[in-house]
Amino acid sequence: MAGSSRTTPLIAVLMGGPSSEREVSLSTGRGCADALRGEGYGVVEIDCGPDLAMRLSDLKPDVCFNALHGRWGEDGCVQGLLEWLRIPYTHSGVLASALAMDKARTKDVYRAHGLPVAESVIVTKAQAMAAHVIAPPYVIKPNNEGSSVGVYLVAEGADTPPQLSAAMPDHVMVEAYLAGRELTCSVMGDGPGQPGPLTVTDIITDGWYDYDAKYKPGGSRHVVPADLPKPIFDACMEMSLVAHRALGCRGVSRTDFRWDEAGGLDGLFLLETNTQPGMTPTSLTPEQAAVCGHDFGALCRWLVEDASCDR
């Protein structure tokens, strides 16, 4: 964190906003704001809207804690605004945020660094509804949304593709469905003296790991550290760090995997990297940090101390 003229640094927690993940962001923001107050910071919670630049110019915070999720907050837009205003901020910068939010371009980066990904194509919404563009089973999802918003699972043997909701974008990703276990690994910085990869969580649900499974209490069960063969555990840790660095992430990121046990190491695939991991009571990254000795307040404080411009 840059030097402050205040005795107590003032942190603006950016939350809410207009994306489809608004409610999750509000939960993240409130939790982080409370934690930062507990760490001794002055905190102002800002529900972000079109007047954000004016509000920040008037407030002049020492740091913006980015608790936004989804478009505008996670895709480089608010990061660009904060660079323009020269207000230090948490998490990844403009390029890494925009890149990681675009699933197709993220896969291009993964492939260039030797990381395994599922087969996928980008097609128009109309094409995805007219016929199977790849053989079932497959998944249809927006190319630039997170938290399992607007995800359709097309089962093996399905006669026709699904009719997509009006809220789905004009172009979507159609991705081969990967059977197996849902794994995830957070990275807490990668510089000298920073923790780096934390641990691996095995996410256990009764069905698809959808929005409710992610955010409703009891929606999923987390085994952390995951009970995995050491080569798989170590590969998740290593690949998460490679993805973090390849995308240019800063602060914390979280990379999600699918692992088919029958395939061994060849059955492990990367799904995506989150540059704004959730910080709700049921979220994965704070849970992993706690297992590694960083309680929620310490994690939030670390993010503030790591904040800067030119990320």
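Cut-offs used in this document
Residues numbered from 1 in each chain as written. Predicted model: local features only at pLDDT ≥ 70, side-chain atom pairs only at ≥ 80, totals over all residues. Heavy atoms only, no water. Buried < 20%, exposed > 50% of the residue type's maximum accessible area, 1.4 Å probe, protein only. Helix = DSSP H or I, 4+ residues; strand = E, 2+ residues; numbered from the N terminus. Contact = heavy atoms within 4.5 Å. Axes fitted to C-alpha atoms, helices over the stretch in contact; angles between N-to-C directions. Parallel < 35°, antiparallel > 145°, perpendicular 65-115°, else oblique. Nonpolar A, V, L, I, M, F, W, Y, C, P; charged D, E, K, R; others polar. Pairing = 2+ DSSP bridges. Polar contact = N/O pair within 3.5 Å; in protein donor to acceptor, adjacent residues only side chain to side chain. Salt bridge = Lys/Arg side-chain N within 4 Å of Asp/Glu carboxyl O.

**Things to note about helix H4 (residues 94-101)**
Taken residue by residue, H4 has Ala96, Ser97, Leu99, Ala100 and Met101 as its buried positions. In this fold, the buried residues of H4 make contact with helix H3 (77-85), helix H5 (103-112), helix H8 (230-247) and strand E12 (268-274).

**Digging into the packing of helix H1 (residues 22-38) against helix H10 (residues 296-306)**
Packed helix pairs are specified by the crossing angle of their axes together with the interaxial distance, meaning the distance between the axes. For the pair H1 and H10, interaxial distance at closest approach is 9 Å and the crossing angle is 90 degrees. It follows that H1 is roughly perpendicular to H10 by the angle criterion. In this structure, H1 contributes Gly31, Cys32, Ala35 and Leu36 to the contact, and H10 contributes Phe296, Gly297, Cys300, Arg301 and Val304. Residue classes in the contact of H1 with H10 are distributed as six nonpolar, two polar and one charged.

**Remarks on the side chain of threonine 285**
Note that threonine 285 resides in helix H9 (residues 284-291). For threonine 285, a relative accessible area of 1% puts it in the buried group. Filtering out sequence-adjacent residues up to four positions away, threonine 285 remains in contact with Ser186, Arg254, Pro277 and Gly278.

**Some remarks on the environment of methionine 15**
Position of methionine 15 among the secondary structure elements: in strand E1 (residues 10-15). We classify methionine 15 as buried; its relative accessible area is 3%. Considering only alpha carbons, one finds methionine 15 and alanine 33, 18 residues apart in sequence, at a separation of 9.9 Å. Among all residues touching methionine 15, those that are not within four sequence positions of it are Ser25, Leu26, Gly29, Arg30, Glu45, Ile46, Asp47, Cys48, Ala67 and Leu68.

**Some remarks on the pairing of strand E7 (residues 171-176)**
Buried residues dominate E7, accounting for five of its six residues. For strand E4 (residues 120-124) and E7, the ladder comprises five bridges, and the chain directions are antiparallel. Looking at E7, one finds that valine 121 is bridged to valine 174. For strand E5 (residues 138-142) and E7, the ladder comprises five bridges, and the chain directions are antiparallel. Note on E7: the bridge partner recorded for isoleucine 140 is valine 174.

**Observations concerning unusual backbone geometry**
For residues besides glycine, phi is generally negative; the peptide bonds are generally trans as well. Proline 137 follows proline 136 through a cis peptide bond whose omega is 5 degrees. For proline 137, the location among the structural elements is in the loop between helix H6 (125-130) and E5. For the bond running from valine 224 to proline 225, omega is -5 degrees, close enough to zero to count as cis. Even without being a glycine, arginine 86 presents a positive backbone phi close to 60 degrees.

**Observations concerning the side chain of serine 308**
Structurally, serine 308 is set in the segment after H10. Of the polar contacts made by the side chain of serine 308, one reaches the side chain of arginine 311; its length is 2.9 Å. Other than its neighbours up to four places away in sequence, serine 308 contacts Pro88, Tyr89 and Arg250.

**Concerning the pattern of salt bridges**
The full count for this structure, using the stated rule, is 18 salt bridges. Of the charged contacts in the structure, one is a salt bridge between aspartate 47 and arginine 22, with a shortest N-O distance of 2.7 Å. Of this pair, aspartate 47 sits in strand E2 (residues 42-47) while arginine 22 sits in helix H1, and the two are 25 residues apart along the sequence. Judged by relative accessible area, aspartate 47 falls into the partly exposed class, the value being 34%. A residue is classified by how much of its surface remains accessible, and arginine 22, at 29% relative accessible area, is partly exposed. With a closest N to O distance of 2.8 Å, arginine 258 and glutamate 182 form a salt bridge. With arginine 258 in strand E11 (residues 252-259) and glutamate 182 in strand E8 (residues 181-188), this residue pair connects regions lying 76 residues apart in the sequence. Accessibility expressed as a relative area gives 10% for arginine 258, which makes it buried. Linked by salt bridges that have partners in common, Asp34, Arg37 and Glu45 make up one network.

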